[in-house]
There are 2 protein chains.
Amino acid sequence: MQQIKYLLNDSDIPRQWYNILPDLPAGMLPPLHPATKQPVGPDDLAPLFPMGLIEQEVSPQRWIDIPPEVLDILVRWRPSPLIRAVALEKALGTPAKIFYKYEGVSPAGSHKPNTSIPQVYYNKKEGVKRIATETGAGQWGSALSLACNFFGVEAKVYMVKISYQQKPYRRVMMETWGGSVTPSPSNETNAGRKILAENPNSTGSLGIAISEAVEDAASRADTKYALGSVLNHVLLHQTIIGLEAKKQMKIAGVDPDVVIGCCGGGSNFYGLSAPFIQDKINGAKVDIVGCEPASCPTLTRGHFHYDFGDSVGMTPLLPMHTLGHTFMPPSIHAGGLRYHGMAPIVSEVLRQKLMRAEAFNQIECFQAALTFARCEGIIPAPESSHAIRGAINEALKAKEEGKEKNILFLLSGHGHFDMSAYEAFLANNLGDFELPQGEIDRAWNAIKDFPEAKEF
Amino acid sequence: MQQIKYLLNDSDIPRQWYNILPDLPAGMLPPLHPATKQPVGPDDLAPLFPMGLIEQEVSPQRWIDIPPEVLDILVRWRPSPLIRAVALEKALGTPAKIFYKYEGVSPAGSHKPNTSIPQVYYNKKEGVKRIATETGAGQWGSALSLACNFFGVEAKVYMVKISYQQKPYRRVMMETWGGSVTPSPSNETNAGRKILAENPNSTGSLGIAISEAVEDAASRADTKYALGSVLNHVLLHQTIIGLEAKKQMKIAGVDPDVVIGCCGGGSNFYGLSAPFIQDKINGAKVDIVGCEPASCPTLTRGHFHYDFGDSVGMTPLLPMHTLGHTFMPPSIHAGGLRYHGMAPIVSEVLRQKLMRAEAFNQIECFQAALTFARCEGIIPAPESSHAIRGAINEALKAKEEGKEKNILFLLSGHGHFDMSAYEAFLANNLGDFELPQGEIDRAWNAIKDFPEAKEF
C-alpha cells in the first residue's frame, strides 16, 4: 500500500507565523488616508481593530508567536492533512506528482478559521464584547461565528440579502454557533436605511454589507470590525498552512516545483505559498502561481494602483492590484473570488516578480472540480476549483514535456454548501462570462486619478 | 499545549476486519426462507449479492483480510481521527475524559463508505456492471455512488421521493460522483408502477424504495443489490472503526470504561464497539451502550423475533430485535435511525447481555448536538446526536458520582446536509413524539406468529 497522506501530530503544529514584510526585496508601500493622502497610522485604524492586530499589520518581525490560546483551538483540526492525489495523477496519465493541502477539515469547511480564531482572540484580550463583519457566500461569516463562539464574543454578521435568501444553510451554520445574522441592506444602520429608502427591494452587495458592518463597529464602543482577507495580519495568520505544508513535503521527500492557490482577496493562496516565496527570495527555483477567475481578473488584467478596499469608498487607500472599486464582477459561483482588488502583500509579490498569475473561466474550473471529485472523492468549493484547474494544467504540461514535476496546490475548502453550483454544472446550465474591455476600462478610469502606487 | 488528537499513519490502517461470529458465546441463529421457514443458503442470496460477500455473511473466521484494492481507497481518508473533547469536558465540568472517533472525514461525510467500498469491490471482482440500492436521507446512496465511481461500476439509486424533493443537494452529491438517482416510487419497476397506479401522488417510503431496488437487481443479469446496514458482512466492514479506535486509545494511554454509538440498523454502533465487545467476551469490564431514538425504540421496546428486514416482506426472515416490519416511525430528522429492526449481530449482542440500550427523544438529542457543536466546532449529523446525548449523560453521571471515567463514542458523521433540522431546532419548531403503546402492540401483533427466534 502506497503512502498518500502526510500527517503531522498535534505537537508539530507551527508555533509562529511567518511575516514576509522584512523579506520583501523591494519593501511595501503604506496604505493612505483617503482625505490627506498621507500614510495611515495606528490611531486611524484603532476604531475598527484591536491594537494587537494593528501591530501585526506593520510588524517588522519575521516570526511572530502564535498565542497558546489560539493553538489550543486550532489543534482541534490542525495540522491539516497533505494528500498525494494518486488517483488524479493516474487519470491524467502524468509523470508529475500532485500533492494537495486540504483546509476543508476545519469545522467551517475552509481555511478562514485560521485567521478568525486569532482575530477574535486579540479582540477578546482587549475587552471587545462584540464583532461586526460582512459575508457574501457565507464562508467568512461562518468562520467568524465559530471563533466568536469559542471565545464568548458576540458575532454580528451582515449577510448579503440575496445570499441570505438563497443560502439558508450557511446562515443556519452561523446561528448554530451562536452568530447573529442580518440580511443586508438592513434597517439597523444609516448605510442600510439609505439604500432601502432608495430601493426597498435591494438584494444587497458585498460593498453595502461592508459599509453596514464598518458603521456598526465604528459607532459602538463595545464593537470592532473583522475582515476575512486582504489585510497583512489576515495573510500572516494564514501562513500556518504553508509552514505545515513545508514540513509535510519534507516528510514526503519532495520539493515542490510549482505551488498553486486560488486568488480572491489573496489569503489562502498566500497562506500556502508564503514560506515558498521566502525560499524563492533566498534563491530557490520554485514557480508560484495564483489562479483567478477570468471574470474578475485582478492580477492578470488589473493595475497596481492605490484604490479603496471596499466598493463604497470607506477604507484607507490600499496599494494593490485592482480592477477599480466600482468594478462589478459577474455572478460566478466562486463568490469568494469576486473581489475587485488583491491583498497588498500578494500584489507586491506579483509586482516584484516572485509569482505569476493565470485566469480561468468558470466552466473549465468546474470540469476540473468534477474530475477531482471523481478521482479523489472530495467535492471541492467552487473557489478551490481554480487551483485544481491550475494544477491539472501543470500536470498535463508535464505529461506533454515528459517531465517529472512536483506540484503542490491548496484545496481551500469543500463544496458541501455549494451543491447548487454543481447541480447547474451537471445540468449544463453554467455559463462563462465574456468580460468586455470596456467594463475594465470604465472601472479603471474611475480610479486612475487616485495616487499612483510608486515609491512613497 | 495539550494533545487532543490521536492520529494514525497510513501504514497503521487495519489490514483485517474482525468477525465476531466465532466469538459469540451463544452463537447466532440463521436467517430463514419466508416460504419454507428453512435456513437460507448461499444460493438463495446469489441473485442479489456476489459470492465474496455471501461468504463473509456466514464466515467462521475471526479475522478476514481487507483486500489491498479496498485499502488503497480507504487510506485516502482513513485512519480517521480520534479526538479528545476537552472543551466539552470543561463545559460539563466533568471529571470524565471524553473521546470521540470521527467518521465525518470521509468524502460522503459518514461511516458508510467503510462498507460501500468493499461491497462494490467484491461486486466488480465478480463482473457485476451495475448496482441498485435505495436511500432515504441520502447517506447510503452517497456512499454507494462514491464507491461505484471509484471502481467504474454503474450506481442506480432509488431515492424516497419526498427526500428527493426536499434534499436536492444529497441527490446532486450522488450525481457529482456519477450516480443515477431516481425518485421512488418510479415507473421503472413493477413495484413502483403498482404504487403509482394506486396513488399517483405517493411520496414514497424506504420500504417501497427497497422493493424497487431489489426488483431491479433481481430482474437484470448485470445488476446486484447493496445494503448499507443490518447484514453481517456490512457490520464486518465497519469493524475497521473500532480496530483503529483501539490502537488510538492505547496511544492516548486509556482504556474506555464506556463505549457508545447510535443505533439505526446497527452498523456504526457495532463498527466502533465490536473489538471492545470481544474484550468483554474475554472478561474485560467495559460498558457498551447503544443509543436509539425513543420514537423508534427497537432495542428498548422491541422483541427479539424473526421478522422481515424490509417493510414490504421481500427479504429472508432475520432473527433480530424488531418493532415489526409494518411499524412506521415518526418523521424524526435522524432519518438513518428510522428502521423497524436491528442488525442480527447487534440483536444477539444485546440478547447475550454484552451491551445495553438507551432511548432518547429528538429534542434532548439536538440539545446535545448544539452543546457539542459550540464546544468542539463540528456540527454533528442528527443520527450521531444520539451518541452524543449518551456520552454527555455518562459524563454528567461521572460528575455526580465524582468518578474519573473514560468515555468513548462514535461521531458517525457531520450534519452539513441536515442544516434544515438545526434550523427547525433553533426556531423551536422541533417536536418530540409520543409513541403510543397501541402502535407498538399493533406492529408486534402483525409478526408475532412468525417463527420464534429460539435455538434452531
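Within each chain, residues carry numbers counting from 1 in the order of the written sequence. Naming scheme: in the order in which they are written, chains are lettered from A and ligands are numbered from 1. Under the rules for a predicted model, residues below a pLDDT of 70 receive no local features and side-chain atom pairs below 80 are neither given nor counted, while totals for whole chains, interfaces and linings still include all residues. Where side-chain values are given, they derive from all heavy atoms of the structure, hydrogens and water being excluded.

Moving on to the overall build of chain A. Helix numbering and strand numbering both begin at the N terminus, where a helix is a DSSP run of H or I of at least 4 residues and a strand a DSSP run of E of at least 2. Secondary structure assignment for chain A yields 18 helices and 15 strands. To get the radius of gyration, use the C-alpha atoms; to get the globule rule, take the number of residues to the power 0.38 and multiply by 2.2 Å. Radius of gyration (C-alpha) of chain A: 21 Å, near the 23 Å computed for a compact globule of 456 residues. Residue burial in chain A is summarised as follows: out of 456 residues, 65% are buried. Should any heavy atoms of two residues lie within 4.5 Å, those residues are considered in contact. Sequence-distant contacts, at least 24 apart, represent 77% of the contacts inside chain A between residues at least 6 apart. Residue-level accessible areas treat just the shown protein chains as cover; the underlying method is Shrake-Rupley with a 1.4 Å probe. Total accessible area on chain A stands at roughly 15,700 Å², and carbon and sulfur atoms take up 50% of it. The charged-residue count follows a simple rule in which Lys and Arg add positive charge and Asp and Glu add negative charge, with His and chain termini not counted at all. The atoms used to mark charge sites are NZ of Lys, CZ of Arg, CG of Asp and CD of Glu. Mean positive and mean negative side-chain charge positions of chain A (43 and 48 charges, respectively) differ by 3 Å. Summary of the burial criterion: residues with accessible area below 20% of their type's maximum are buried, those above 50% are exposed, and those between are partly exposed, where the area comes from a 1.4 Å probe applied to protein chains only.

Right, let's talk about the packing of aromatic side chains for a bit. Here the distance between the centres and the angle between the planes together describe a pair of aromatic rings. Only Phe, Tyr and Trp rings take part, Trp by its six-membered ring, and two of them pair if their centres are within 6.5 Å. Stacked means planes under 30 degrees apart, edge-to-face means over 60, and tilted covers everything else. By the definition in use, this model includes 22 aromatic pairs over all chains. A positively charged side chain is recorded as over a ring if its NZ (Lys) or CZ (Arg) lies within 6 Å of the ring centre. The angle to the ring normal must also be within 35 degrees. Over the face of the ring belonging to Phe276 of chain A we find Lys246 of chain A, whose NZ or CZ atom lies 6.0 Å from the ring centre. The aromatic ring of Phe417 of chain B is capped on one face by Arg170 of chain B, whose charged end is 4.5 Å from the ring centroid.

This paragraph deals with the environment of Pro79 of chain A. When you line up the elements, Pro79 of chain A lands in the loop between α3 (68-74) and β4 (82-84). When the C-alpha positions of Pro79 of chain A and Leu8 of chain A are compared, they lie 5.9 Å apart, and in sequence the two are 71 residues distant. For Pro79 of chain A, the contacting residues outside a window of four places in its chain are Leu8, Asn9, Asp10, Asp12, Ile13 and Glu244 of chain A together with Lys5 of chain B.

All names here are of chain B. Here Gly265 lies in the loop between β10 (258-262) and α12 (267-281). Relative accessible area serves as the criterion here: at 11%, Gly265 is assigned to the buried category. Spatially, the C-alpha atoms of Gly265 and Pro344 are 9.3 Å apart, while their sequence positions differ by 79 residues. Those residues in contact with Gly265 that sit more than four places away from it in its chain are Ser229, Val230, Gly336, Tyr339, Met342 and Ala343.

Further remarks concern unusual backbone geometry. Omega for the peptide link from Arg78 of chain A to Pro79 of chain A comes to -15 degrees, which places this bond in the cis form. Residue Ser184 of chain B is joined to Pro185 of chain B through a cis peptide bond whose omega torsion reads 10 degrees. Residue position: Pro185 of chain B is located in the loop between β8 (180-184) and α9 (190-198). In the Ramachandran plot, Lys353 of chain A falls in the positive-phi region, its phi being about 60 degrees despite a non-glycine side chain. Locating Lys353 of chain A in the fold gives a position in the loop between α14 (344-351) and β14 (356-360). For Lys353 of chain A, a relative accessible area of 70% translates into the label exposed.

Moving on, we come to the packing of helix α8 (residues 168-176) of chain A against helix α17 (residues 419-426) of chain B. Close contact between α8 of chain A and α17 of chain B brings their axes to 9 Å; oriented N to C, the two are set at 55 degrees. The orientation of α8 of chain A with respect to α17 of chain B, classified from their angle, is oblique. Helix-helix and strand crossings are classified by hand; for α8 of chain A and α17 of chain B the assignment is left-handed. Of the residues in α17 of chain B, those in contact with Tyr169, Arg171, Val172, Met173, Glu175 and Thr176 of chain A of α8 of chain A are Met419, Ser420, Tyr422, Glu423 and Leu426 of chain B. Every axis corresponds to a line fitted to the C-alpha atoms, with the helix fit spanning only the stretch in contact, and the corresponding angles, defined between N-to-C directions, vary from 0 to 180 degrees. Note that the term roughly parallel is reserved for angles under 35 degrees, roughly antiparallel for angles over 145, roughly perpendicular for angles of 65 to 115, and oblique for everything else. Note on convention: near helix rotated counterclockwise from far helix by under a right angle means a left-handed crossing. Clockwise means right-handed.

Now for the pattern of salt bridges. Residues and elements named next belong to chain A. Salt bridge, as applied in this entry: a Lys or Arg side-chain nitrogen positioned within 4 Å of an Asp or Glu carboxyl oxygen. Enumeration according to the criterion identifies 46 salt bridges over all chains in this entry. Of the charged contacts, one joins Arg84 and Glu89 as a salt bridge, the two residues approaching to 2.8 Å between their closest N and O atoms. Here Arg84 and Glu89 have matching classes, each one buried. Between Lys101 and Glu244 there is a salt bridge, with its nearest N and O atoms 2.6 Å apart. Here Glu244 lies in helix α11 (residues 232-252) and Lys101 lies in strand β5 (residues 97-102), a separation of 143 residues in the sequence. Across the pair, exposure class does not vary: Lys101 and Glu244 are buried alike.

Here helix α5 (residues 113-125) of chain A spans 18 Å end to end across 13 residues, near enough to the 18 Å set by a 1.5 Å rise per residue. Note on α5 of chain A: the residue one or two positions beyond its end, Gly127 of chain A, has a positive phi of about 85 degrees. Helix span, expected: 1.5 Å multiplied by one less than the number of residues in the helix.

This next bit is on the domain arrangement of chain A. Residue and element names in this part refer to chain A. Domain boundaries assigned for chain A yield domain 1 (68-109 + 239-445) and domain 2 (113-227). The distance between the C-alpha centroids of domain 1 and domain 2 comes to 25 Å. Of all residues in domain 1, Val70, Ala108 and Phe417 bury the most surface against domain 2, accounting for 31% of the area lost on that side. Linking domain 1 to domain 2 there are 1 salt bridge. We note a salt bridge from Asp418 to Lys167, for which the minimum N-O separation is 3.1 Å. Definition of a polar contact: a pair of N or O atoms within 3.5 Å, with one able to donate and the other able to accept a hydrogen when the atoms are protein atoms, and with sequence-neighbouring residues admitted only if both atoms are side-chain atoms. Where domain 1 meets domain 2, there are 4 residue pairs in polar contact (both at pLDDT 80 or more). Here the bounds of each domain stem from an automatic or database domain assignment. Joining two parts hides part of their accessible area as seen by a 1.4 Å probe, and the buried area is that hidden amount summed over both.

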